[in-house]
2 protein chains.
Amino acid sequence: MRAVIPFKKDNAKSRLSGVLSKNQREEFAMKMLHDVVNALLESDVFTDIDILHSSISSIINNNYPSNVNLLVSDKNLNNALNEYLEKASSHTNDEILIIMADMPLVTKKQIHQMIGLKGDVIIAPGSRGGTNALLIRRPDEFRVDYYGISFLDHVRISKEAGLDVDIFDSFMVSTDMDEPNDLIELLIHGRGSAVEYIKNLGISLDTCTGTLYFENKN
Amino acid sequence: MRAVIPFKKDNAKSRLSGVLSKNQREEFAMKMLHDVVNALLESDVFTDIDILHSSISSIINNNYPSNVNLLVSDKNLNNALNEYLEKASSHTNDEILIIMADMPLVTKKQIHQMIGLKGDVIIAPGSRGGTNALLIRRPDEFRVDYYGISFLDHVRISKEAGLDVDIFDSFMVSTDMDEPNDLIELLIHGRGSAVEYIKNLGISLDTCTGTLYFENKN
């Protein structure tokens, strides 16, 4: 089984620009990527973990084992991933997990639960109709569509291809980091390097009122 | 095993007042309560389902079986629930599931998964540190605290009482209906009477853009 993580570093997480500087957002994105890669490595089920990036840059941690690879594509998300699926299926047609890089609450537990489901396609919904993780058991018969309400698109594409769909129902996987209030979830439930980074910046949560405090300097 | 659902009808869901009239909000709250009660009934594991309401009113559907009860308490949420736990534990000390009434995406599937976990206390997180469902295996040793970041409070209370905690990680259970954008989740994932009610009001989702349209009259 392979995993692929689409990743964007340059001006990452723009909707956090009110509370994090450009440099902080890029570092935060790297920490989240690191947490997702670690969850995949700890799950111990992937022959390859491919980070699909828009440019050649030093985003690969030196401590990663040799099965963590950097792939470069300047195509948009759908085209880059569909090209990836096509190439992968022409080789081995191994199962492929597409997982987003901004889900710092995911651990090996969710990875194991997700791959334990039986469908030809397993969709882990994100909020607002997103698709935060997508396990494709027959990559030669599936193509992604990440724009719009991608959850509904992926259900439809599966059905049109005659593929059975299972939903992986996880709060931790559904929680991505798009807006300042999402940091509340990270500060409550996070365990990895992303939450450490945010805490070290001086961002904290008043656990009585639920209010976020930003003592970092943008 | 017993279930208890705290419920407020009067001026329910005030944060939806920009898009639903008072009457619509109260009807919507009733539909959501109905979906939660139905999920509990369909799970077929509860001897009693108690709706804990602040006043005597006609919120019990005539079609409910006789094990769905209306209890009335004018106390605040914590005091009403802790009194409930105390009374229940002095009788049978049966396991108790406390479940919120505004989670229209919950089905018997999540109920079964949750009670399949082993902890003395099972906490299903809501967004922003909420506790959307709470399974208490030893009610005589536990008290609730729903104000502030209740998820962290319930973890702490369990540990102080020497009780093992499991987290029930579910997107469907974590999704409550507080703000207009939460209706997006309902329109995408909902299957029960609450989503039918919202659709019949003329509220719809553009699945290309993810935009909500309100054609209802407040």
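A brief look at the structure comes next. Note on numbering: residues in each chain are counted from 1, in written sequence order. Chain letters start at A and ligand numbers start at 1, both assigned in the order the entries are written. The predicted nature of this model means local features are confined to residues of pLDDT at least 70 and side-chain atom pairs, given and counted, to a pLDDT of 80 or more, with totals for whole chains, interfaces and linings taken over all residues. To get the side-chain values, take all heavy atoms of the structure and skip hydrogens and water.

## A few points about the overall build of chain A
Okay, step 1: Put simply, DSSP H or I for four residues or longer makes a helix, DSSP E for two residues or longer makes a strand, and each gets a number counted from the N terminus. A tally of regular secondary structure across chain A gives 7 helices and 9 strands.
Okay, step 2: The C-alpha atoms of chain A give 17 Å as radius of gyration, which agrees with the globular expectation for 218 residues (17 Å, within 12%).
Okay, step 3: Seen along its three principal axes, the alpha-carbon backbone of chain A occupies a region of about 50 × 35 × 30 Å.
Okay, step 4: Burial statistics for chain A: of 218 residues in total, 54% are counted as buried.
Okay, step 5: Restricting to contacts in chain A with at least 6 residues of sequence separation, those with at least 24 account for 61%.
Okay, step 6: Note that accessible areas follow from Shrake-Rupley with a 1.4 Å probe, and for residues the cover is restricted to the protein chains shown. Accessible surface, chain A as shown: approximately 9500 Å² in total, 46% of it carbon and sulfur.
Okay, step 7: Computed over 22 positive and 31 negative side-chain charges, the separation of the two mean positions in chain A equals 2 Å. Only C-alpha atoms enter the radius of gyration; for comparison, a globular chain is expected to reach 2.2 Å times N to the power 0.38, where N is the number of residues. Three exposure classes are used, based on accessible area relative to the maximum for each residue type with a 1.4 Å probe and protein chains only: buried under 20%, partly exposed in between, and exposed over 50%. We call two residues contacting when some pair of their heavy atoms lies within 4.5 Å. By the counting rule applied here, Lys and Arg register as positive and Asp and Glu as negative, while His and the ends of each chain are not counted. Charge positions come from single atoms, namely NZ of Lys, CZ of Arg, CG of Asp or CD of Glu.

## What to know about helix α6 (residues 182-189) of chain B
Okay, step 1: Within α6(B), 8 of the 8 residues are buried, which leaves it mostly tucked inside the rest of the structure.
Okay, step 2: By the burial criterion, the buried members of α6(B) are B:Asp182, B:Leu183, B:Ile184, B:Glu185, B:Leu186, B:Leu187, B:Ile188 and B:His189.

## Describing the relation of the copies chain A and chain B
Okay, step 1: For this overlay, a least-squares fit was computed on C-alpha atoms, restricted to residues scoring pLDDT of at least 70 in both copies. Overlaying chain A on chain B yields an RMSD of 0.0 Å, the required transformation being a rotation through 180 degrees with an accompanying axial translation of 0.0 Å. Between the two chains, the operation in question is that of a two-fold axis.
Okay, step 2: With an isologous cut-off of 70% or more, the 100% of interface residues of chain A that recur at the interface of chain B puts this contact in the isologous class.

## Here's the deal with the sheet that holds strand β3 (residues 68-72) of chain A
Each strand in a sheet pairs with another by means of backbone hydrogen bonds, the pair being arranged parallel or else antiparallel.
Residues and elements named next belong to chain A.
Okay, step 1: Strands pair, by our definition, only if DSSP identifies at least two bridges between them. One open sheet accounts for 7 strands, arranged β3-β2-β1-β4-β6-β5-β7; its pairing is mixed. Two strands lie at the open edges of the sheet, namely β3 and β7 (165-167), each paired on one side alone. Ignoring strand direction, the axes of neighbouring strands in this sheet form an average angle of 20 degrees.
Okay, step 2: Relative to β7, strand β5 (residues 121-125) is paired through 3 bridges, and the arrangement is parallel. Among the inter-strand pairings, Val121 is bridged to a residue of β7, identified as Val165. Axis definition: a line fitted to C-alpha atoms, limited for helices to the stretch in contact. Angles are taken between N-to-C directions and run from 0 to 180 degrees.

## A word on the sheet that holds strand β4 (residues 96-99) of chain B
All names here are of chain B.
Okay, step 1: The sheet built from 7 strands is open, its strands ordered β3-β2-β1-β4-β6-β5-β7 with mixed pairing. In the strand order of this sheet, the two ends are held by β3 (68-72) and β7 (165-167), each with one partner. The average undirected angle you get between the axes of adjacent strands in this sheet is 20 degrees.
Okay, step 2: Where strand β1 (residues 2-7) lies against strand β2 (residues 48-53), 6 bridges are found, and the strand directions are parallel. Within β2, the position partnered with Phe7 by the bridge is His53.

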